[in-house]
Amino acid sequence: MTSRHLERSVHINVLTESRTQTDGLFSLIDPEALYERPIPERHRIIFYLGHLEAFDWNLIGRTGLGLESFHPQYDRLFAFGIDPPEGQLPNDQPPDWPSIEEVQDYNRQVRRELDEAWDSASPELRHAAIEHRWMHAETLVYILHNLEYSRKKPDRSREPAASRMLDNSLIEIPAGFATLGRKMGEGFGWDNEFEEHKVDVPAFRIRRHKVTNGEYLQFVNAGGEVPFYWTRRGGEWCYRGMFSEIPLPHEWPVYVTFRQAVEYSRWKGVSLPTEAQWHRAAFAAADGEERLYPWGDAPPDASRGNFDFDRWDPVPVDANPRGESAFGVQQAVGNGWEWTSTVFGPFPGFSPRSYYPGYSANFFDGQHYVLKGGSPRTAAVLLRRSFRNWFRPRYPYIYATFRCVEEP
C-alpha cells in the first residue's frame with residue numbers, strides 16, 4: 001500500500017463510515033436490551049456502546065496526542081474486552097454499569113475532541129482505530145445474533161435461496177511455497193501479521209468448497225455434536241438466523257467450533273489445513289507468485305464473495321464463482337472464517353506495538369487457533385491475505401466454518 005493510499009484509508013470520512021456501521025447495529029436493539037449479556041463469555045452490550053469511543057480516545061487522544069482526559073473512569077471502564085478461560089464467566093450486574101445517557105454523553109464528547117484533532121494523529125494510529133472499529137462491527141453482530149428476536153428490529157431484505165445438495169470435489173494443490181505475513185513498511189498491519197516469510201508446502205488435496213450444513217448433517221446423524229446455530233423444530237433441523245429461524249439450508253457453510261471441525265474431519269478420515277496450506281490454496285497463482293486476493297488484484301466487490309456487511313446470513317458455498325482462486329478454491333474469503341490446525345503464535349521477527357502491546361501477545365497461550373478468510377460481516381479492508389483471526393477451540397458464537405484436506 002502506497003503512502004497516498006494509506007493516507008486515504010485513514011481519512012476522517014472513513015472513520016465516519018465505520019461509525020455509521022456500528023451506530024446502525026446499536027440502533028437495531030431495544031434500548032433495555034443494552035444491559036443484557038447474550039454471550040455469557042462477553043461483556044454486557046452496554047460495554048461495547050462505550051468501548052469503541054474509549055478505545056479511540058485512549059489510543060489517539062491520550063497515547064497519540066497526549067490530550068487531557070475528561071472522564072478517566074470511563075476511559076478505564078470501557079478500555080478492554082474479555083476472553084475468559086472456560087468456566088470463568090463474568091458476574092457483573094446491570095446496576096454496575098452507567099446509564100445509556102451517560103455513555104452516550106461520553107461518546108459525543110470523545111467524537112467532538114477526536115474529530116478536531118484527527119489530522120494531527122499519526123496514520124498508523126488512525127488506521128488502527130478504524131480497523132478496530134470494523135472488527136467490532138463484526139463482534140457486535142455475533143453478540144446481537146444471540147439476542148432474542150423480540151429484542152431487535154428485523155431486517156429481512158435478503159431471503160435465503162432454496163436448499164439443495166452439491167458436489168464438494170477435491171482439488172490438487174502442487175508443492176510450492178506460501179508467503180505468510182507482510183513486509184514492514186508496505187502498509188498497515190497488526191503485530192501478528194509481521195514479518196513476511198516463506199513456508200515450503202508439500203503437495204496436498206483440498207475441498208473446493210467449505211463443508212456445508214448438508215454434509216455436516218450426515219455427521220450429526222451418526223452421533224456428531226450439533227452446531228450452535230442449529231435447532232430442532234417439529235422433527236426438522238432449522239438454522240437460527242440473525243432475525244429468524246429457517247429450515248436448515250443444506251448448501252450453506254456449517255458454522256462450528258474448532259473441536260467440532262476436528263471431530264468431523266477425523267470421522268471423514270481427513271484433516272484441517274494448516275495456515276500455510278490454506279494460504280497456498282487461496283492465494284497462490286499458477287506462475288508461482290501470489291495474488292493480492294484469491295481472484296487476483298481487483299478490489300473486493302459483492303460478486304467475489306459474501307463479505308463487507310452485504311448480508312446478515314450465509315449464502316450457498318458455490319454462489320461466488322468470480323471469487324475463485326487460481327487452483328479453483330471457492331469462497332476462500334467471505335461467507336465464514338475458516339479454521340486451520342495452526343495454533344495462534346508469533347511469526348519470526350514478531351514485535352508488539354508500543355500502543356497496543358497485548359493485542360496479540362496476550363493470546364500466544366497455546367489455547368487459540370488461527371482462522372483465515374472472513375465472514376459475511378467482515379469489512380473489506382480485513383480481507384488482505386496477511387490478516388489473521390484467532391479464537392478458542394470451543395468458542396461457538398463466531399461465523400466460523402472449515403474445509404478439509406488430504407495428504408497424498
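Every chain begins its residue count from 1, and numbering advances along the sequence as written. Where totals are concerned, whole chains, interfaces and linings use all residues; where local detail is concerned, this predicted model gives features only for residues with pLDDT of at least 70, and gives and counts side-chain atom pairs only at 80 or more. As a rule here, side-chain values cover all heavy atoms of the structure and leave hydrogens and water aside.

Undergrad: Can you break down the nonpolar core residue by residue, with the values?
TA: In these notes, a set of buried Ala, Val, Leu, Ile, Met, Phe, Trp, Tyr and Cys residues joined through side-chain atoms within 4.5 Å is what counts as a nonpolar core. Relative accessibility decides the category of a residue: with a 1.4 Å probe and only protein chains considered, values under 20% of the type maximum give buried, values over 50% give exposed, and everything between is partly exposed. In terms of nonpolar packing, the biggest core is built from 92 residues, with Phe26, Tyr216, Trp339 and Phe402 touching the most fellow members. Under the DSSP-based scheme used, a helix requires at least four consecutive residues in state H or I and a strand at least two consecutive residues in state E, with every element numbered from the N terminus. Element by element, the count of residues in this core is highest for helix H6 (residues 123-145), at 12 residues. In terms of nonpolar packing, the next biggest core, distinct from the first, is built from 18 residues, Ile173, Trp278, Phe283 and Ala284 among them.

Undergrad: Help me get a handle on the environment of Gln218, residues and values and all.
TA: By secondary structure assignment, the location of Gln218 is in helix H7 (residues 213-221). Residues Gln218 and Tyr264, spaced 46 residues apart in sequence, show a C-alpha to C-alpha distance of 9.8 Å.

Undergrad: Account for empty space enclosed by the protein, with residues named and values stated.
TA: Grid points spaced at 1 Å over the protein atoms alone were grouped into cavities, where a 1.4 Å probe fits but cannot get out, and pockets, open sets with protein on both sides within 12 Å along at least five of seven lines, with lining residues defined by an atom within 4 Å of a point. Grid points are joined across faces, edges and corners, and a volume is the space filled by probe spheres set on the points. Under the criterion given, the structure shown has one cavity of 30 Å³ or more. If you add up the space inside the largest cavity, you get close to 30 Å³. Around the largest cavity sit Trp278, Phe283, Val333, Lys372, Gly373, Leu382, Leu383, Arg384, Arg385 and Phe387, which together line it. Tallied by class, the residues present in the lining of the largest cavity amount to six nonpolar, one polar and three charged. Each residue receives one of three labels: charged for Asp, Glu, Lys and Arg, nonpolar for Ala, Val, Leu, Ile, Met, Phe, Trp, Tyr, Cys and Pro, and polar for the others, Gly being one of them.

Undergrad: With reference to specific residues and values, describe the layout of surface pockets.
TA: Each pocket or cavity is described by its volume, and for the second largest pocket that value is around 800 Å³. Lining the second largest pocket are 30 residues, and of these Arg42, His136, Thr139, Phe363 and Trp390 lie nearest its centre. If you list the elements that add at least two residues to the lining of the second largest pocket, you get helix H3 (45-64), H6, helix H10 (358-361) and strand E10 (389-391). When residues in the lining of the second largest pocket are grouped by element, the largest group, seven residues, is from H6. Looking at the lining of the second largest pocket residue by residue, the class counts come to 17 nonpolar, nine polar and four charged.

Undergrad: Give me the pattern of salt bridges: which residues, what numbers.
TA: For this analysis, a salt bridge means a side-chain nitrogen from Lys or Arg found within 4 Å of a carboxyl oxygen belonging to Asp or Glu. Tallied over the full model, the rule gives 25 salt bridges. Here Arg388 ties to Glu275 by a salt bridge, and the two come within 2.9 Å at their closest N and O atoms. Linking Arg388 in the loop between strand E9 (369-372) and E10 with Glu275 in helix H9 (residues 275-283), this pair joins segments that are 113 residues apart in sequence. Between Arg304 and Asp301 there is a salt bridge, and its shortest N-O distance comes to 3.7 Å. Relative accessible area serves as the criterion here: at 12%, Arg304 is assigned to the buried category.

Functional significance is not addressed by these values, which are geometric in nature.
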